[in-house]
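Chain and residue survey
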Amino acid sequence: MKLRRNKYYVLIELSGVPYLLPYGQAQLEFKRAVRLNETGAFLWKLLEREHSSEDLLAACADFYGTPEKDLPSLMADIAQFLESLISRGCLIENTTKKIPKNAVKKHINAGSLTLKLVGSPEALSHNFDSFLCEPSENVDQTLTIYPFSSSPYINGELLLQGSVLKIIDAGDRYALFFPSHKYIKEVHLSKDGSLADFYCRPPYTDDFRDELFHTIRFAFLFLAQRRHMAALHSASFLYQGKAWLFSGPSGTGKSTHTNLWKELLQVPLLNGDLNLLAFEDDRPVIHGLPWCGTSQICDPGTYPLGGIILLKQASEDHVEELSPDTKRLLVLQRIISPTWTPQMFNSNLDLVDELASKIYIARLHCTKEFSAVKVMKAGIDSYLSTHNYTEASESGKLEQL
């Protein structure tokens, strides 16, 4: 492993004490100053050019005349020093991207898109198993997992920065950083969405696989947006041959409400947390996704979209018809597809605007009782009747309500 200095740190002596001080991009990212001792300053000067830790040990031992018996201790000190500077962003690891020798290639189909996952078999989550498909030459997105603790150095325009996610526009790609992640620290995503490189810290534990599984969603939703699709935070089920999505802020009860439908009417549940909005032949549909929160409910199929219901807790159940602008606003607020740039935001807005004129959108003020299902079913049935939608009842229970 070769190391080089982050160009946004400079070695300065303050009253004779050496410090690494951030400036430029590092200062913008609120990096902290690092106080060095004499040996640390010596090593930093050596790193003006790329060196491995073995190179640094040899140079340091020669400079200080370190006896051979003390070399293991010196090496441990150097390793600790280097790791400290790497973790602070002062040093960059230069690595050659190499796919592991035991890497596998898995193809999955999600949201009408074919993804190819490349990486160690121990790194890939079984949550994709229901979406596996036969290998194909027509791959929409290739996702490669590299087992390196640091990626090639990236610089560019800072788009977003928070405690969970930082995004840099690096010209030919987007670089996504995840400060709170333990295993998946960085993702490089090509501007057309066709390639995504994940830089990871093994070991490949269950926690690693879970973190990678959820991080892949960022790359997938970016590509899906470019194909005129958007993800809605919602739970869904199939009723009268159409998918119905129920959405609301955390704690509103979308899972509770959809489970009431299943219990009362035996409707098939489709997804407990996320649904992909799309169009096929100008008709609104939803595509199944492997990401489903803690519900473990995810159907890989594609279904006609009947409507989106916005939930609001209340002491009594009733359906509120919404104005055209309110429909668009409330649905747009539940979309979780990227909004890193104005263009991405407008892409979501265009899809919602097109969707709003073709499906049923209403707000359900609801309790957590079966009465909420009866009220909402009446609203949906009225909509279907008005729009000349007729289909035989799926079960005798539908006639009893």
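I will try to describe carefully the structure that is included in this document. (Residues numbered from 1 in each chain as written. Predicted model: local features only at pLDDT ≥ 70, side-chain atom pairs only at ≥ 80, totals over all residues. Heavy atoms only, no water.)

1. Some points on the environment of Glu137
Going by this rule: Only DSSP runs of H or I covering at least 4 residues are called helices, and only runs of E covering at least 2 are called strands; the numbering of each starts at the N terminus. Burial here depends on accessible area, computed with a 1.4 Å probe over protein chains only, as a share of the maximum for the residue type. Under 20% is buried, over 50% is exposed, and the range in between is partly exposed.
Here Glu137 shows up in the loop between strand S8 (113–119) and strand S9 (141–146). Residue Glu137 is classed as exposed on the basis of its relative accessible area of 81%.

2. Overview of the pattern of salt bridges
Close approach of charged atoms allows side chains of opposite charge to pair. Definition in use: Any carboxyl oxygen of Asp or Glu that lies within 4 Å of a side-chain nitrogen of Lys or Arg is treated as forming a salt bridge with it.
Summed over the entire model, instances satisfying the criterion amount to eleven salt bridges. We note a salt bridge from Asp273 to Lys254, for which the minimum N-O separation is 3.8 Å. A residue pair is termed long-range when its members are at least 10 positions apart, and Asp273 in the loop between strand S18 (269–271) and strand S19 (274–280) and Lys254 in helix H6 (residues 254–265) qualify at 19 residues. For Asp273, a relative accessible area of 16% corresponds to the buried category. The salt bridge involving Arg328 is made with Asp353; its shortest N-O contact spans 2.7 Å. On the criterion of sequence distance, the pair formed by Arg328 in helix H7 (residues 324–334) and Asp353 in helix H8 (residues 342–356) is long-range, its members being 25 residues apart.

3. Observations concerning the sheet that holds strand S4 (residues 34–35)
For clarity, the threshold we go by: Each pair of strands is called paired provided DSSP finds at least two bridges between the two strands. Here a residue-residue contact requires only that any non-hydrogen atoms of the pair lie within 4.5 Å. Whenever a helix is involved, its axis is fitted only over the stretch in contact; in every case the axis is a line through C-alpha atoms, and angles between N-to-C directions fall within 0 to 180 degrees.
Strand order in the open sheet formed by three strands is S2-S3-S4, and the pairing between neighbours is antiparallel. Each edge of the open sheet carries a strand with a single partner, namely strand S2 (9–14) and S4. When strand S3 (residues 17–22) meets S4, the two strands line up antiparallel, connected through two bridges. Bridge pairing in S4 places Tyr19 opposite Arg35. Across the sheet, helix H2 (residues 38–46) touches S2 and S3, and the angle it forms with S2 is around 145°.

4. Section: the packing of helix H3 (residues 53–64) against helix H4 (residues 71–88)
As a reminder of what qualifies: Throughout this description, any angle smaller than 35 degrees is read as roughly parallel, any larger than 145 degrees as roughly antiparallel, any in the 65 to 115 degree range as roughly perpendicular, and the remainder as oblique. Helix crossings fall into two classes, left-handed where the near helix is turned counterclockwise from the far one by less than a right angle and right-handed where it is turned clockwise.
Their axes nearest at 10 Å, the elements H3 and H4 cross at an angle of 125°. In terms of their interaxial angle, H3 and H4 are classed as oblique. Here H3 runs over H4; the crossing is right-handed. Note on element contacts: H4 touches H3 through Leu71, Leu74, Met75, Ile78 and Leu82, opposite Ser53, Leu56, Leu57, Cys60 and Ala61.

5. A closer look at the state of the cysteines
To be explicit about the condition: Two cysteine sulfur atoms form a disulfide, by the criterion used here, when they sit within 2.5 Å.
A complete count under the given rule lists zero disulfides for this structure. Looking at Cys133, it has no disulfide partner, and the nearest cysteine sulfur is the one in Cys298, 15 Å off. The class for Cys133 is partly exposed, based on a relative accessible area of 29%. Free cysteine: Cys292, not disulfide-bonded; nearest cysteine sulfur from Cys298 at 4.2 Å. Overall, Cys292 belongs to the buried group, its relative accessible area being 7%.

6. Here's the deal with unusual backbone geometry
In this structure, Pro203 follows Pro202 across a cis peptide bond, with omega equal to 20°. The backbone of Gln240 sits at a positive phi, close to 55°, despite the residue not being glycine. With phi around 70°, Asp282 is a residue other than glycine that occupies positive phi space. Position of Asp282 relative to the elements: it lies in the loop between S19 and strand S20 (283–287).

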